[in-house]
Amino acid sequence: MSEISRRQAIGTLAAGAGAMGFGSVALSREALGWNDQTQSYELPPLPYAPNALAPHIDEQTMLIHHGKHHAGYVRGLNNALDQLHKCRADNNAAEIQHWERQLSFHAGGHINHTLFWSGMAPEGKGGGGRPTGALANQIERDFGTFDRMLWQFKAAAKSVEGSGWGWLVWEPLGQRLLITQMENQQKMMFAGAVPLLGVDVWEHAYYLRYQNRRADYLDAFTSVINWPEVGRRFDRARG
Ligand code: MN
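Residues numbered from 1 in each chain as written. Predicted model: local features only at pLDDT ≥ 70, side-chain atom pairs only at ≥ 80, totals over all residues. Heavy atoms only, no water.

Visitor: Sorry, what's going on with the overall build of the protein chain here?
Guide: Looking only at helices and strands, the protein chain has eight helices and five strands in total. The secondary structure elements of the protein chain, listed N-terminal to C-terminal, are α-β-β-α-α-α-α-β-β-β-α-α-α. The 239 residues of the protein chain split such that 51% are buried. The contacts in the protein chain between residues at least 6 apart in sequence include a share of 70% that link residues at least 24 apart. When the accessible area of the protein chain is evaluated, it comes to approximately 11,100 Å², of which 50% is carbon and sulfur surface. (Helix = DSSP H or I, 4+ residues; strand = E, 2+ residues; numbered from the N terminus. Buried < 20%, exposed > 50% of the residue type's maximum accessible area, 1.4 Å probe, protein only. Contact = heavy atoms within 4.5 Å. Areas by Shrake-Rupley, 256 points an atom, 1.4 Å probe, with all protein chains shown as cover.)

This is the structure:
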């Protein structure tokens, strides 16, 4: 693929993220593993050892989730960008819808998981506890208390139909925090919302250790939420 076509492709990724409803993902191109030399995305490393979140999230789940599932979204994203380039070159409109769907799904998967890993930290080393500062104040303003926010976050994530995500987002127009559900990697997002904290409720995120007990997994997740990082995302989103 030529340099020009890849530059076009990068613009297409931004459009894909927009289609997902995220106004700004607060992630740099570097954080998303963009390689200027190969002009493609690479799987970014985990920000901690794969066993660092145990016992809440076990090592085997982390290794498969990151090394197989997340890697698959990165591959799918690169492929969708290549295939759309090919469609343009071949004047092939018939496959545009298919690859646009693939682009939205895999771009969502890559962005969501990149936010997910750094949204967690080992318990006691940034993970767990409660938010502080401006984010804590905003949570009290918009939800009453931290506990009510967490109650809604877990209830929303638990009741996602099928595979998807629960999110705490900043909604810039209303200048407020919201909790939203996402189906698959990209559907049902609030347009323009900025993601602050996401929890993956695909079965691949918890089935090895928790089987069908999604609620137990969500309780465990709260022990490793990286509130300092979520607070930094909030500060950037609010501007
Ligand atoms: Mn996942």
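Visitor: Just to check I follow, could you spell out the pattern of salt bridges for this structure?
Guide: Pairing is possible between side chains of opposite charge, provided their charged atoms come close. If you walk through the whole model with that rule in mind, you get eight salt bridges. Ionic pairing is found between Arg130 and Asp147, a salt bridge with its closest N-O pair at 3.1 Å. One end of the pair, Arg130, is in the loop between helix H3 (96-118) and helix H4 (133-143); the other, Asp147, is in helix H5 (residues 146-158), and 17 residues separate them in sequence. A salt bridge links Glu171 to Arg176; the shortest N-O distance between them is 3.0 Å. The class for Glu171 is buried, based on a relative accessible area of 4%. (Salt bridge = Lys/Arg side-chain N within 4 Å of Asp/Glu carboxyl O.)

Visitor: Explain H5 to me, please; I cannot follow it from the model alone.
Guide: Every α-helical turn comprises 3.6 residues, leaving residues that sit three or four positions apart pointing alike. Its 13 residues place the ends of H5 18 Å apart at the C-alpha level, agreeing with the 18 Å of an ideal helix rising 1.5 Å per residue. Taken as a whole, H5 has its buried residues at Phe146, Met149, Leu150, Phe153, Ala156 and Ala157. The buried side chains of H5 occupy one side of the element, clustering within an arc of 130° when seen end-on. Where H5 is buried, its residues contact H4, strand S3 (164-171), strand S4 (176-183), strand S5 (194-200), helix H7 (214-221) and helix H8 (227-238). (Expected span 1.5 Å × (residues − 1). Arc of directions from axis to C-beta.)

Visitor: I keep staring at the environment of Tyr41 and nothing clicks. Help me out?
Guide: On the secondary structure map, Tyr41 appears in strand S2 (residues 40-41). Taking relative accessible area as the criterion, Tyr41 reaches 6% and is therefore assigned buried. Placed twelve residues apart in sequence, Tyr41 and Arg29 show a C-alpha to C-alpha distance of 9.0 Å.

Visitor: Can you help me understand the pairing of S3 in this one?
Guide: Every other side chain in a regular strand lies on the same face of the sheet, so the side chains alternate between the two faces. For S3, the buried fraction is high: eight of the eight residues fall into the buried class. Alternating residues of S3 divide into Gly164, Gly166, Leu168 and Trp170 and Trp165, Trp167, Val169 and Glu171, and every residue in both groups is buried. Taken together, the eight bridges between S3 and S4 define a ladder with antiparallel strand orientation. In the strand pairing of S4, Trp167 is matched with Thr180. As consecutive antiparallel partners, S3 and S4 are separated by four residues, and within that stretch Gln175 has a phi angle of approximately 50°, a positive value. (Pairing = 2+ DSSP bridges.)

Visitor: What is the right way to look at unusual backbone geometry in this model?
Guide: Trans is the common state for peptide bonds, and a negative phi is the common state for residues other than glycine. The omega torsion of the bond from Ala54 to Pro55 falls at 5°, within 30 degrees of zero and hence cis. Turning to its location among the elements, Pro55 is positioned in the loop between S2 and helix H2 (59-90). Phi is positive for Gln211, which is not a glycine, with a value near 50°. Within the secondary structure, Gln211 sits in the loop between helix H6 (207-210) and H7. The exposure class assigned to Gln211 is partly exposed, which follows from its relative accessible area of 31%.

Everything listed here is a matter of geometry and, on its own, says nothing about what the molecule does.
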